[in-house]
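Examination of the molecular architecture
One-letter residues, chain by chain:
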Amino acid sequence: PLCFHIYFLGALKNWPAMKKWTTEFLTTKFGDKMVRVAFAPYGEYEGCEKAHHFEDFKDFKFPDVVKSQLPFPDLVVVRPAFLEIPFSTFMSILQSSNDSSISAYLEYSSIPGLLPELEQDIKEMPFLSGELKRRHLNIWLSNGNTLGKLHFDPYDNFLCQVSQQKKFSLPVTR
């Protein structure tokens, strides 16, 4: 419902991250840190392909306990390869990437594990106090050319957009 979106508007305005996390700040602070970055054409980071397209699929044996839980054992989830590069190189790529067919993505990156200094810039929102159990605190950065697919996460999430904008759709059930 519309009131859901309006209720949260401005919820991050008191976070230090909202003013502090600029490209210059992040590059200066973490420039030498090695990060794992994915590159994909047209922002598609996951997809499905027929398993028989992979030459070693016929020789690969799933354990029975795994195979019995696969709803589509003839499909394989495919993802692009990752590169380990300095954070400053990644940030340079983001700044120079105007080509909408190329996507660079730092994803699933633990703030406490990779960039622990940033955790102090994030505050729990009072209206969520005690409602969500935090299992992860991740940062996701891209040049804006990413396309997330409909999925389900096995834990609570709260998406917070620090800069730029993100468009997403939630399925409506009637």
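The preceding data block contains the structure.
Structural notes, computed from the coordinates. Since we're looking at a predicted model, the values are computed, not measured. (Residues numbered from 1 in each chain as written. Predicted model: local features only at pLDDT ≥ 70, side-chain atom pairs only at ≥ 80, totals over all residues. Heavy atoms only, no water.)

1. What about the pattern of salt bridges?
To keep it simple, the criterion reads: The salt bridge criterion pairs a side-chain nitrogen of Lys or Arg with a carboxyl oxygen of Asp or Glu, the two atoms within 4 Å. Helix and strand assignments follow DSSP, with helices taken as H or I runs no shorter than four residues and strands as E runs no shorter than two, numbered in order from the N terminus.
All chains considered together, the criterion is met by two salt bridges. Between K20 and D121 there is a salt bridge whose closest N-O contact spans 3.1 Å. Of this pair, K20 sits in helix 2 (residues 17-20) while D121 sits in the loop between helix 6 (111-114) and strand 6 (138-142), and the two are 101 residues apart along the sequence.

2. Some points on the sheet that holds strand 5 (residues 102-110)
Rules: Two strands qualify as a pair provided that DSSP identifies no fewer than 2 bridges between them. Each axis is a line fitted through C-alpha atoms, and for a helix only the stretch in contact is used; angles between axes span 0 to 180 degrees, taken between their N-to-C directions.
Read from one edge to the other, the open sheet built from four strands follows the order 4-1-5-6, with strand pairing classed as antiparallel. If you trace the sheet from one side to the other, it starts and ends with strand 4 (82-86) and strand 6, each paired once. Each strand of the sheet is rotated relative to its neighbour by a mean of 30 degrees, with strand direction disregarded. With four bridges connecting them, strand 1 (residues 34-41) and strand 5 associate as antiparallel partners. Bridge pairing in strand 5 places F39 opposite A104.

3. A look at the side chain of S103
Our working rule: Categorising residues by exposure relies on relative accessible area from a 1.4 Å probe, with only protein chains included: less than 20% of the type maximum marks a residue as buried, more than 50% marks it as exposed, and the intermediate range marks it as partly exposed. Polar contacts here mean pairs of N or O atoms no more than 3.5 Å apart (in protein, one a potential hydrogen donor and the other a potential acceptor; neighbouring residues in sequence count only if both atoms are side-chain atoms). In what follows, a contact means two residues having at least one pair of non-hydrogen atoms within 4.5 Å.
Residue position: S103 is located in strand 5. We classify S103 as buried; its relative accessible area is 0%. Engagement of the side chain of S103 in a polar contact is seen with the backbone oxygen of N145, the distance being 3.0 Å. Dropping the residues within four chain positions of it, S103 is found in contact with A38, F39, A40, G43, Y45, N143, N145 and T146.

4. Quick word on the pairing of strand 5
Bridge count between strand 5 and strand 6: four bridges; the pairing is antiparallel. Among the inter-strand pairings, L106 is bridged to a residue of strand 6, identified as L141.

5. So, the packing of aromatic side chains
The criterion, for reference: In summary, the pairing rule links any two rings of Phe, Tyr or Trp, Trp by its six-membered ring, whose centres are within 6.5 Å, and it sorts them by plane angle into stacked for under 30 degrees, edge-to-face for over 60 and tilted for everything else. A ring is scored as having a charge over it whenever the NZ atom of a lysine or the CZ atom of an arginine sits within 6 Å of its centre and within 35 degrees of its normal.
Summed over the entire model, instances satisfying the criterion amount to four aromatic pairs. The interplanar angle of 55 degrees and the centroid separation of 4.5 Å between the aromatic rings of Y108 and W140 together place this pair among those described as tilted. Highlighted residues: Y108 in strand 5 and W140 in strand 6, separated in sequence by 32 residues. For Y108, a relative accessible area of 51% translates into the label exposed. For W140, a relative accessible area of 38% gives the class partly exposed. An aromatic cluster of at least three residues, connected via ring pairs, comprises F30, F87 and F90. The ring of F82 carries R36 above its face, with NZ or CZ at 3.7 Å from the centroid.

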